[in-house]
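Notes for the structure review
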Amino acid sequence: MAAWSDNMGAVELAAFFTEDAVYHNIPQAPVTGREDIANTIASVLRPGPPGIEGIDFRVINIASQWSGRDDGAVDVFKLPDKSFELPVMGTFEVSGGKINAWRDYFDMNQFTSRMG
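Nothing here was measured: the structure is a model prediction, and the numbers come from that model.

What counts as what
- Residues numbered from 1 in each chain as written.
- Predicted model: local features only at pLDDT ≥ 70, side-chain atom pairs only at ≥ 80, totals over all residues.
- Heavy atoms only, no water.
- Patch = residues over 30% accessible without salt bridge, like charges linked within 9 Å, V, L, I, M, F, W, Y side chains within 5 Å.
- Areas by Shrake-Rupley, 256 points an atom, 1.4 Å probe, with all protein chains shown as cover.
- Salt bridge = Lys/Arg side-chain N within 4 Å of Asp/Glu carboxyl O.
- Helix = DSSP H or I, 4+ residues; strand = E, 2+ residues; numbered from the N terminus.
- Buried < 20%, exposed > 50% of the residue type's maximum accessible area, 1.4 Å probe, protein only.
- Phe/Tyr/Trp six-rings, centres within 6.5 Å; stacked < 30°, edge-to-face > 60°.

1. Thoughts on a nonpolar patch on the surface
Side chains of Met1, Phe92 and Val94 sit close together on the surface and give an oily, nonpolar patch of about 280 Å² of accessible area. Following the sequence through the fold, Phe92 ends up in strand 5 (residues 83–95). Since its relative accessible area comes to 39%, Phe92 is described here as partly exposed.

2. A short note on the pattern of salt bridges
Applying the stated criterion across every chain yields a total of two salt bridges. We note a salt bridge from Glu19 to Arg34, for which the minimum N-O separation is 2.7 Å. With Glu19 in strand 1 (residues 17–26) and Arg34 in helix 3 (residues 34–44), this pair connects stretches of sequence that are 15 residues apart.

3. A closer look at the packing of aromatic side chains
According to the stated counting rule, one finds four aromatic pairs in the structure shown. Seen in terms of ring centroids, Phe92 and Trp102 are 4.8 Å apart; in terms of plane orientation they differ by 35°. Their pairing is tilted. With Phe92 in strand 5 and Trp102 in strand 6 (residues 98–105), this pair connects stretches of sequence that are 10 residues apart. Taking the relative accessible area as the measure of exposure, Trp102 reaches 3% and is therefore buried. By the ring-pair criterion, three or more aromatic residues cluster together here, those being Phe17, Tyr23, Phe92 and Trp102.

And the structure:
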């Protein structure tokens, strides 16, 4: 999360994943494999309007198993002329010190309306 917030490059971020990892921003289609994950990350963080210049993750709760809470987290998207928060719930599966599955759950209507 810190590397993403520090604007690390897409290839470097994808290196945190296993070769056969799944990255799924639900409600979008899942992406499989480190190269496709890097391409997806690069397509999200594209410079210039209306692209997102950066994302900060604010982790509110962490649980190693289901905690029964629904507080989730907030992603803060930084655009050239504004920033906005989006409630997100993310899950990670880790194997051998690398992410082998990352799933984010968010409301696409909230995201697109806040992007403007």
